[in-house]
Amino acid sequence: MLRFLILFSVLLLFGCQNKSLDNHKEFKRVALVIGNRDYGDNSLKNPINDALGVQETLEKIGFDVTLETDITLFQFNTILDEFKKKIEPDNSIVFFYFAGHGNTLTQKSSEEYLMMTDKNQKVFVSIYKIYEFLNYAKARHNIVTIDACRDYHQSYVPIEVGMGQTFRGDFRANIRVGEGKIKNELVVYDNNYSDTFPRSTIISYATMHNQMAKDWSKYDSTHSPYTRQLIKYLDDKEIPIEEVFRRIRVALIAETNRLQINLEENSLEKNVWLVPREGQVAFSPPI
């Protein structure tokens, strides 16, 4: 009798685990991928290449991807409204990717601002807008990746270091147009949002606070170093998303000598496998 009860308990546990795994596989997968490149005199090289690479990788692992490039603030709002219709509350995994200029408004702030491509004005969208959207959409899990700078600069002229390397930041309102001359431009901040972090969400920034994000990798001039590694590891089999970002971090440290290190903020309630496990073996990271 005891042997029967033990066998029954094991089968019941295995059945529950399989049911949970099957449900995980069945989550609807939707992604919004944005590459902003056309910033006029401060244009970047690779955000659209990066967005296309991320789109291809996500589609390969079962995501329904909405790809947008060089969008304005008005277009961004419209896109979010349309994308919301794809999300099934409590039954979706949402992936959000942004490549383009980014910055903070003060030197010590951790609030990221993403730059749109409106003409004749500089438009900055707070990361809290993404928070609020995800809180409203109520997906089961959210993965957000931001490939942009997170430092603060007062000038507008793109920073170039060594061999013309351009960074994804540095776009303040006061623009240097010549020695001793300052040109003031219209600046719009879309930042009237709650800072409540979304449930079961991981956000991966391409840099830590006060770091710059490179626009192209020294190993591949068609992609940034962060997105190059994101594309490389995103479809790795049988590893949770946190391990994906850890592997990116190790690669970035090696390439940039710690000048650029991705940083995650995490409230995930369960492990999320983008390429689900084939069995019930517990994940063990490589030594």
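The structure displayed is predicted, hence computed values, not measured ones.

Cut-offs and rules
Residues numbered from 1 in each chain as written. Predicted model: local features only at pLDDT ≥ 70, side-chain atom pairs only at ≥ 80, totals over all residues. Heavy atoms only, no water. pLDDT = per-residue confidence, 0-100. Contact = heavy atoms within 4.5 Å. Phe/Tyr/Trp six-rings, centres within 6.5 Å; stacked < 30°, edge-to-face > 60°. Helix = DSSP H or I, 4+ residues; strand = E, 2+ residues; numbered from the N terminus. Buried < 20%, exposed > 50% of the residue type's maximum accessible area, 1.4 Å probe, protein only. Lys NZ or Arg CZ within 6 Å of the ring centre and 35° of its normal. Salt bridge = Lys/Arg side-chain N within 4 Å of Asp/Glu carboxyl O.

**Student:** Is there a simple way to explain the confidence of the model for the chain in this structure?
**Tutor:** Caution applies to low-pLDDT regions: their predicted coordinates should not be interpreted in detail. When pLDDT is averaged across the chain, the result is 84; 77% of the residues are at 70 or more. Every residue in residues 4-24 scores below 50 in pLDDT, and together they form 9 contacts with partners more than four places removed in sequence or on other chains. In the predicted structure, residues 280-287 sits below a pLDDT of 50 and forms 13 contacts with residues beyond four places in sequence or in another chain.

**Student:** Would you take a moment to explain the packing of aromatic side chains for this structure?
**Tutor:** For any pair of aromatic rings, the description rests on two quantities: the centre-to-centre distance and the angle between the ring planes. Taken as a whole and judged by the stated rule, the model has 6 aromatic pairs. Pairing F63 with F95 gives two aromatic rings, centres 6.1 Å apart and planes at 75°, and the pair type is edge-to-face. Of this pair, F63 sits in the loop between α2 (47-60) and β2 (64-69) while F95 sits in strand β3 (residues 92-99), placing them 32 residues apart in sequence. Of the two residues examined, F63 and F95, each falls in the buried class. Of the aromatic side chains, those joined through ring pairs into one cluster are Y113, F124 and Y189. Looking at R150, its charged tip hangs above the ring of Y205, at a distance of 3.6 Å from the centre.

**Student:** Would you take a moment to explain the pattern of salt bridges for this structure?
**Tutor:** If the charged atoms of two oppositely charged side chains come close together, the side chains can form a pair. What the rule picks out here adds up to 12 salt bridges. Note that D64 and K86 form a salt bridge whose closest N and O atoms lie 3.3 Å from each other. Linking D64 in strand β2 with K86 in the loop between α3 (73-84) and β3, this pair joins segments that are 22 residues apart in sequence. Residue R140 pairs with E269 through a salt bridge whose shortest N-O separation is 3.2 Å. Placement of R140 in the loop between α4 (127-137) and β7 (141-147) and of E269 in the segment after β14 (263-266) is noted, with a sequence separation of 129 residues between them. Take R140: its relative accessible area is 16%, and that puts it in the buried class. Several salt bridges share partner residues, and in doing so they unite D236, E243, R246 and R247 into one network.

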